[in-house]
Amino acid sequence: MANSKSNCTLQLQLALLISMALAAAAAATTTHLRFYMHDVVTAFPGSPVTAVPVVRGTTPLPIDPTTNFGDMYVIDDPLTEGPGAASPVVGRAQGFYIFASQTELALQLCVNMVFTAGRHNGSYLVVQARDAILDKVRELPVVGGAGMFRGVTGYGLLSTQSFNVTTKNAVLQIDMYLTSV
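Residues numbered from 1 in each chain as written. Predicted model: local features only at pLDDT ≥ 70, side-chain atom pairs only at ≥ 80, totals over all residues. Heavy atoms only, no water.

### Structural notes on the pattern of salt bridges
We count it as follows: The rule for a salt bridge is simple: a side-chain nitrogen of Lys or Arg has to be within 4 Å of a carboxyl oxygen of Asp or Glu. Helix and strand assignments come from DSSP, with helices taken as H or I runs of at least 4 residues and strands as E runs of at least 2, each series counted from the N terminus. A 1.4 Å probe rolled over the protein chains alone gives each residue an accessible area, and that area as a share of the maximum for its type sets the label: buried under 20%, exposed over 50%, partly exposed in between.
Taken as a whole and judged by the stated rule, the model has 6 salt bridges. Across the pair arginine 56 and aspartate 71 runs a salt bridge whose closest N-O atoms are separated by 2.7 Å. Of the two residues, arginine 56 sits in the loop between strand E2 (51-55) and strand E3 (59-61) while aspartate 71 sits in the loop between strand E4 (64-69) and strand E5 (72-80), which places them 15 residues apart along the sequence. Relative accessible area serves as the criterion here: at 2%, aspartate 71 is assigned to the buried category.

This is how it looks when you write it as structure tokens:
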């Protein structure tokens, strides 16, 4: 009889734990954000440089001999609502990227997505990832955040909207999928 009662208690505890886990999962909210990052390596009228080379690597990449393994850029790129340069600014991508592959155009990207307008003003997301820039879509993990994004998990999908081979200026579409509990 005691063994049966013990089993019943264990089953009730397990059911309670499962119910609590399901309630927590149901309470989690998912947020989708879309914005555009303007990486300006070469200035043009109306757009100052936002990506500055700070380290020059020594080994040219076979796929692009004007880029070296180890080239590093510090960025303070505008984040906008739309892909156009005149689109309203919602924040800044602040951090750096380094060409971290000897054989392909792949970056180590470390960036804070700092929001300066709208409902997320004052909050930021932290992304640290490998970015194989020739891939059509790249998945970048969100490793942290602050403000409204404290404790979020998630990922961003990056796709290149435009790239100028001569100036190396680019516009990236970023779709962030964030989950908070």
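### Comments concerning the environment of glycine 147
Within the element layout of this structure, glycine 147 appears in the loop between strand E9 (138-146) and strand E10 (153-163). C-alpha separation for the pair glycine 147 and leucine 125, spaced 22 residues apart in sequence, amounts to 9.1 Å.

### Observations regarding the environment of leucine 134
Inclusion rule: Contacts between residues were defined by any pair of non-hydrogen atoms, one from each residue, lying within 4.5 Å.
One can find leucine 134 in the loop between strand E8 (124-132) and E9. Separated by 116 residues in the primary sequence, leucine 134 and isoleucine 18 place their C-alpha atoms 44 Å from one another. Apart from residues no more than four positions distant in its own chain, leucine 134 is found in contact with Ile63 and Leu105.

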